[in-house]
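# Observations on the three-dimensional arrangement
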Amino acid sequence: NKNFVFNTHCFFGYFNGMTDRNFVLEFDKPKGFYPSTGLSNIKTGETKDVISVFDYHDLIDSPIMYSQPDTTVIMVANTKVLVAVYSPNGVITSKFAASKLQRLLMAQKEYLNGQLPVDKYAFLFYFTDKATLSGASGALEHSYSSMYVLPEMDTLSIAQTINDVCAHEFFH
């Protein structure tokens, strides 16, 4: 009851003959939880959320992380950037991660002639204080978001990792 992450491509699979249909997802959730995602059509409630997606491609291209919200929003040119963090011991905050991403995104904005290629983007960080089952960490890029599973360590140690990995995933 602390965090739920939906890798939607893995979770929902493939719907033969239904790729052009709209999908409506209903999530029952613990009170106080928030769905961090790159999706925009979200209706939140106290214990239930409804998320609508345009088609199958939007569905599978949009991970969703549910937790008590630790989110920061920054504007970079025309883009609303959501930074969501789950850090089990509160070592890393969304405000800290956003401060590291701000400089990176401003540089990318300049490289891309003053605008980012999307209206909304979400950086979803799941920090863990235990080794993963595989012992690995990493990230997955998506059109409107990227999802990170990284070790929870002090902010000085993780700062460069955030910068390097996020630059790589965002430019995909």
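A brief structural summary. Small disclaimer: the values here were computed from a predicted structure and weren't measured.

How each quantity is defined
- Residues numbered from 1 in each chain as written.
- Predicted model: local features only at pLDDT ≥ 70, side-chain atom pairs only at ≥ 80, totals over all residues.
- Heavy atoms only, no water.
- Helix = DSSP H or I, 4+ residues; strand = E, 2+ residues; numbered from the N terminus.
- Rg over C-alpha atoms; globule rule 2.2 N^0.38 Å.
- Buried < 20%, exposed > 50% of the residue type's maximum accessible area, 1.4 Å probe, protein only.
- Contact = heavy atoms within 4.5 Å.
- Areas by Shrake-Rupley, 256 points an atom, 1.4 Å probe, with all protein chains shown as cover.
- Lys, Arg positive; Asp, Glu negative; His and termini not counted.
- Charge placed at Lys NZ, Arg CZ, Asp CG, Glu CD.
- Expected span 1.5 Å × (residues − 1).
- Bend = angle between axes of the 7 residues up to and from the residue.

### Let's talk about the overall build of the protein
Secondary structure summary: the protein contains 4 helices and 11 strands in total. Taken over C-alpha atoms, the radius of gyration comes to 16 Å for the protein, in line with the 16 Å a tight globule of 172 residues would show. With the C-alpha coordinates aligned to their principal axes, the bounding extent of the protein is approximately 45 × 40 × 30 Å. Within the protein, buried positions represent 42% of all 172 residues. Here the analysis covers contacts within the protein between residues at least 6 apart in sequence; of these, 67% occur between residues at least 24 apart. Within the structure as shown, the protein displays about 9,400 Å² of accessible surface, and the carbon and sulfur contribution to it stands at 52%. Charged side chains of the protein number 13 positive and 17 negative; the gap between the two group centres comes to 7 Å.

### Some details on helix α3 (residues 94-111)
With 18 residues, α3 extends 25 Å from end C-alpha to end C-alpha; this agrees with the ideal 26 Å at 1.5 Å per step. A maximum bend of about 30 degrees is found in α3 at L101. What α3 keeps buried is the set S94, F96, A97, A98, L101, L104, L105, Q108 and K109. The inward-facing, buried residues of α3 abut β7 (71-76), β8 (79-86), β9 (120-128) and α4 (155-170). Within two residues after α3, N113 carries a phi angle of roughly 60 degrees, on the positive side.

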